[in-house]
Amino acid sequence: LLLQTRSDFVAQYRNHRDFYLVSGVEGSEPLRYHKLPLATALTAVLIAWLIAANFIDLDGPLASLASVAVASVTIAGLMVATRCLRISEARNSIDLQTLVTIAASIGLGAALHQSGAASAIAQTIVDLVGDNPYLLLVVVYLLSLGCTEAISNAAVAAMLVPVAGSVGLECGSDPRPFVRAVTMAASRALLTPIGYQTYLMVMGPAGYRPSDYFRMGWPITLAVSITSLILIPWIW
């Protein structure tokens, strides 16, 4: 058994007949349970803040208070200030590679839109597929689904949303269904272990193989894809 215990566990149970202690986990630290009520309260404040931001209209300098980023950073700062979280822990929890990927993909998405490349790509897709909006919706969905298995879902959304919107405009349709198709497909990385970070985290300890992800993922992917492609044009 791998047990996460309080710091006094080893001293109390080293000679106990119910436990045979093999070793500790290097670099591990016990959780600070005495900070749980405060951390829970701060989390509740964050949730209440985000809910209230959707119902209260703020103008001028106060408008920034409705931002998810402002709320999240403020509560994270309070977590550090109240010692629920150490500065080193907060710093180590930031995945710089993911942040850089998302930031770069947002910049690439903006460049595709402002340079006219998104419209050119959209025009090429329409020329190849035709101007049938339902068929184009399927193509945009499958394109997003394929990309999200190789790169992060946020990066796929940032890059393909401008293209999807342009596809809708090029075929004379509402761009919203195409944008919705990208957001739905980008969140369906179920076929390979590289589509989502958590899959890679559990792959080694669980003894999974890449084929396990595909075998379990394709029925869910197929069901969600069919449902999405039926409901998206019907709702939007």
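Because the structure is a prediction, the values reported are computed rather than measured.

K.L.:
Explain empty space enclosed by the protein here, please?
P.N.:
Unoccupied space between atoms shows up once a probe the size of one water molecule is rolled over them. Scanning the model with the defined rule gives one cavity of 30 Å³ or more in all. Volume-wise, the largest cavity comes out at about 40 Å³. Lining the largest cavity, in full, are Ile-125, Val-140, Leu-143, Ser-144, Leu-160, Val-163, Ala-164 and Val-182. When contributions to the lining of the largest cavity are tallied by element, the ones reaching two or more residues are helix H7 (133-148) and helix H8 (153-170). Split by residue class, the lining of the largest cavity holds seven nonpolar, one polar and no charged.

K.L.:
Even after reading the chapter, I still don't get the environment of Ser-93, so can you show me in this structure?
P.N.:
Secondary-structure assignment places Ser-93 in the loop between helix H4 (87-92) and helix H5 (96-114). Taking the relative accessible area as the measure of exposure, Ser-93 reaches 55% and is therefore exposed. Measuring from C-alpha to C-alpha, the distance between Ser-93 and Leu-135 comes to 42 Å, with 42 residues separating the pair along the chain.

K.L.:
Please explain the packing of aromatic side chains as it appears in this structure.
P.N.:
Describing an aromatic ring pair means giving the distance of the ring centres and the angle of the ring planes. Enumeration over the complete set of coordinates arrives at two aromatic pairs. Here the aromatic rings of Tyr-13 and Phe-19 are separated by 5.3 Å at their centres, their planes lie at 70 degrees, and the arrangement is edge-to-face. Since its relative accessible area comes to 27%, Tyr-13 is described here as partly exposed. What makes Phe-19 partly exposed here is its relative accessible area of 30%. Ring centres of Tyr-208 and Tyr-213 lie 6.0 Å apart, and the angle between their planes is 90 degrees; on these two criteria the pair is classed as edge-to-face.

K.L.:
What am I meant to see in the side chain of Ser-144 here?
P.N.:
Along the polypeptide, Ser-144 turns up in helix H7. Take Ser-144: its relative accessible area is 0%, and that puts it in the buried class. A polar contact is formed between the side chain of Ser-144 and the backbone oxygen of Val-140, at a distance of 2.9 Å.

K.L.:
It is not clear to me how the nonpolar core should be interpreted in this structure. Could you clarify?
P.N.:
Taken as a class, soluble globular proteins show a tendency for nonpolar side chains to be buried jointly. Counting 22 residues, the largest nonpolar core has Leu-136, Val-140, Val-167 and Phe-178 as the members making the most contacts within it. Breaking this core down by element, the ones donating at least two residues are helix H6 (117-129), H7, H8 and helix H9 (176-186). Non-local contacts of Phe-178, meaning those with residues more than four positions away in its chain, are made with Pro-133, Leu-136, Leu-137, Val-140, Ala-164, Val-167, Gly-168, Cys-171 and Ser-173. Judged by nonpolar contacts, the second largest core, of seven residues, contains Leu-42, Leu-46, Ala-71 and Met-79.

K.L.:
Would you mind going over the side chain of Arg-188 with me for this structure?
P.N.:
Examined against the element boundaries, Arg-188 turns out to sit in the loop between H9 and helix H10 (197-206). An unpaired buried charge is present at Arg-188: no salt bridge exists, and Glu-149, the closest side chain of opposite charge, is 8.6 Å distant. Leave out the neighbours within four places in its chain, and Arg-188 touches Tyr-141, Leu-145, Thr-148, Glu-149, Thr-221 and Val-224.

How each quantity is defined
- Residues numbered from 1 in each chain as written.
- Predicted model: local features only at pLDDT ≥ 70, side-chain atom pairs only at ≥ 80, totals over all residues.
- Heavy atoms only, no water.
- 1 Å grid on protein atoms, 1.4 Å probe; cavity = no way out; pocket = protein on both sides within 12 Å on 5 of 7 lines; lining within 4 Å.
- Points joined across faces, edges and corners; volume = space filled by probe spheres on them.
- Helix = DSSP H or I, 4+ residues; strand = E, 2+ residues; numbered from the N terminus.
- Nonpolar A, V, L, I, M, F, W, Y, C, P; charged D, E, K, R; others polar.
- Buried < 20%, exposed > 50% of the residue type's maximum accessible area, 1.4 Å probe, protein only.
- Phe/Tyr/Trp six-rings, centres within 6.5 Å; stacked < 30°, edge-to-face > 60°.
- Polar contact = N/O pair within 3.5 Å; in protein donor to acceptor, adjacent residues only side chain to side chain.
- Core = buried A, V, L, I, M, F, W, Y, C linked by side-chain atoms within 4.5 Å.
- Contact = heavy atoms within 4.5 Å.
- Lys, Arg positive; Asp, Glu negative; His and termini not counted.
- Salt bridge = Lys/Arg side-chain N within 4 Å of Asp/Glu carboxyl O.

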